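# Reading the structure
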Amino acid sequence: MELPKDLGSKIFKGCGCLSIGFVVMTCLLICVGIYYDDETEASGGEATSQTEQTEKKDSVVVNEPLQSDPYQELDDLIGLKQVKDEVRALANFVKIQKQREANGLKIPKMSYHLVFTGSPGTGKTTVARIVARIYKDLGVLKKGHTVETDRSGLVANYVGQTATKTNAIVDSALNGVLFIDEAYALVPDGGGGQDYGQEAISTLLKRMEDDRDKLVVIIAGYSNEMKRFIDSNPGLQSRFNRYIDFPDYSGSELTEIFKMYMKKNQYTLSAEAEAYLKTRFDDVVEHKDRNFGNARYARNVFEKSIQQQAMRLAGQSNLSKEQLTELTIDDLEGGFAARTNI
């Protein structure tokens, strides 16, 4: 059956509420797309990697590397200068040791495992993916994929099941990088009670030794908690001796991240909103607490800002391209207000 060509216009003329609802729903769908695209790309300075395809299952994320230059991708990340320098230094060291080995020269015993310390949203997951591909480029790993998980992906609820669960995760990470976020949760602060985190650690340490030529483990979390975690087990101390610290983002860097989302999703700022954005992010950084989300915060402010824009425009008709793309101070104020508690 052929529908009338003017059906859409009749519907919207018939009910302004439907028009408003359509615009708001469109905005929400856009935000969902932004969220999942960002999770695929990794987080925030984190949100600039565009070279992995992500498969999620429960608390495990598998990222298969695509063909691209990991060094260029590292350079393209927003901020993180010290992190970039340390990764470059590590890559150069590994490269030279590989050349020495190829020429029959002695090389020091090396550990490719890493500890990433820092707050949420500072790019740790993204850099772990890049490191996996650099290790592949250098011949350390054959595949260069990453398997990302946390305590829930390693620890089971009943006796005897944790080792099986941990071994399965390790098997999936062979020839690549196993990235464990908030790894300190494997050893709860204060201890006490029955906990299977230690079983996961023991299993992991054994596999790191048995599969030392085809497994790299990167663990991540808050600085103090990670120190407590490493100090809790001599095996962890001996295997994890290379640390990279991820600093919080500055107001200017969060502004860059926000603008990155704008460019990617075809939005612009009014002149007044441009000045407001930088000032507001500076203020947020000045008054942040330890749970501040960094790049995730910037992403969430962007999502809420475009929702505010949709609400502002919903009652209007014949909108121009400029109106549909421009964010105003009112939109940004609504976006920041909605994210006050992040």
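Residues numbered from 1 in each chain as written. Predicted model: local features only at pLDDT ≥ 70, side-chain atom pairs only at ≥ 80, totals over all residues. Heavy atoms only, no water.

Below, the discussion takes up the overall build of the chain. What the chain contains, in helices and strands, is 15 helices and 9 strands. Counting across all 342 residues of the chain, residues that qualify as buried make up 47%. (Helix = DSSP H or I, 4+ residues; strand = E, 2+ residues; numbered from the N terminus. Buried < 20%, exposed > 50% of the residue type's maximum accessible area, 1.4 Å probe, protein only.)

This brings us to helix 4 (residues 81-102). With 22 residues, helix 4 extends 32 Å from end C-alpha to end C-alpha; this agrees with the ideal 32 Å at 1.5 Å per step. Listed as buried for helix 4 are Val 83, Lys 84, Val 87, Leu 90, Ala 91, Val 94 and Gln 97. Seen from one end, helix 4 has its buried residues packed into an arc of 160 degrees, which puts them on one side. Buried residues in helix 4 make contact with helix 3 (70-76), strand 3 (114-118), helix 5 (124-138) and strand 7 (243-246). (Expected span 1.5 Å × (residues − 1). Arc of directions from axis to C-beta. Contact = heavy atoms within 4.5 Å.)

Phi angles above zero are rare outside glycine, and Gln 266 is one such case at about 60 degrees. When you line up the elements, Gln 266 lands in the loop between helix 11 (251-264) and strand 8 (268-269). Looking at Gln 266, the relative accessible area reads 66%, which means it is exposed. With a phi close to 50 degrees, Asn 318 is a non-glycine residue in the positive phi region. Here Asn 318 lies in the loop between helix 13 (295-313) and helix 14 (321-325).

Applying the stated rule across the entire model yields 12 aromatic pairs. Judged by centre distance (6.4 Å) and plane angle (40 degrees), the rings of Tyr 184 and Tyr 222 are tilted. Of this pair, Tyr 184 sits in the loop between strand 5 (176-181) and helix 8 (197-210) while Tyr 222 sits in the loop between strand 6 (215-221) and helix 9 (223-231); the two residues are 38 residues apart in sequence, bridging distant segments of the chain. Note on Tyr 184: relative accessible area 14%, which makes it buried. Given the relative accessible area of 13%, Tyr 222 is considered buried. Seen from their ring centres, Tyr 297 and Phe 336 are 6.4 Å apart, and the 45 degrees between their planes marks the pair as tilted. One end of the pair, Tyr 297, is in helix 13; the other, Phe 336, is in helix 15 (residues 329-338), with 39 residues separating them in the sequence. Accessibility assignment for this pair places Tyr 297 and Phe 336 in one class, buried. Over the ring of Tyr 222 we find Arg 290; its NZ or CZ atom is 4.2 Å from the centre of that ring. (Phe/Tyr/Trp six-rings, centres within 6.5 Å; stacked < 30°, edge-to-face > 60°. Lys NZ or Arg CZ within 6 Å of the ring centre and 35° of its normal.)

Time to look at the nonpolar core. Ranked by size, the top nonpolar core spans 55 residues in total, and within it Phe 116, Val 127, Tyr 135, Ile 218, Ile 257 and Phe 258 carry the most contacts. Of the residues forming this core, the biggest block, 8 residues, is contributed by helix 5. Counting residues in hydrophobic clusters, the runner-up holds 31 residues, among them Leu 174, Tyr 196, Met 208 and Phe 240. (Core = buried A, V, L, I, M, F, W, Y, C linked by side-chain atoms within 4.5 Å.)

The next point concerns the packing of helix 13 against helix 15. Orientation of helix 13 relative to helix 15, taken along the N-to-C sense of each, is 130 degrees, at an axis distance of 7 Å. Taken as axis vectors, helix 13 and helix 15 run oblique relative to one another. Between helix 13 and helix 15 the crossing geometry is right-handed. Residues Tyr 297, Val 301, Lys 304, Ser 305, Gln 308, Gln 309 and Arg 312 of helix 13 form the contact with helix 15, whose participating residues are Asp 331, Leu 332, Gly 334, Gly 335, Phe 336 and Ala 338. Class assignment of the residues belonging to the contact of helix 13 with helix 15 gives a composition of 5 nonpolar, 5 polar and 3 charged. (Axes fitted to C-alpha atoms, helices over the stretch in contact; angles between N-to-C directions. Parallel < 35°, antiparallel > 145°, perpendicular 65-115°, else oblique. Left-handed = near helix turned anticlockwise from the far one by under 90°. Nonpolar A, V, L, I, M, F, W, Y, C, P; charged D, E, K, R; others polar.)

On to the pairing of strand 4 (residues 146-149). Residues Thr 146 and Glu 148 line one face of strand 4 and the alternating positions Val 147 and Thr 149 line the opposite face, and both faces are buried. As judged from the 3 bridges shared by strand 2 (residues 60-65) and strand 4, these two strands associate in the antiparallel manner. Within strand 4, the residue paired with Val 62 across the bridge is Val 147. Sheet analysis places strand 4 next to strand 5, joined by 4 bridges and oriented parallel. Residue pairing in the sheet places Thr 146 in a bridge with Val 177 of strand 5. (Pairing = 2+ DSSP bridges.)

Just geometry here; none of it tells us what the structure is for.
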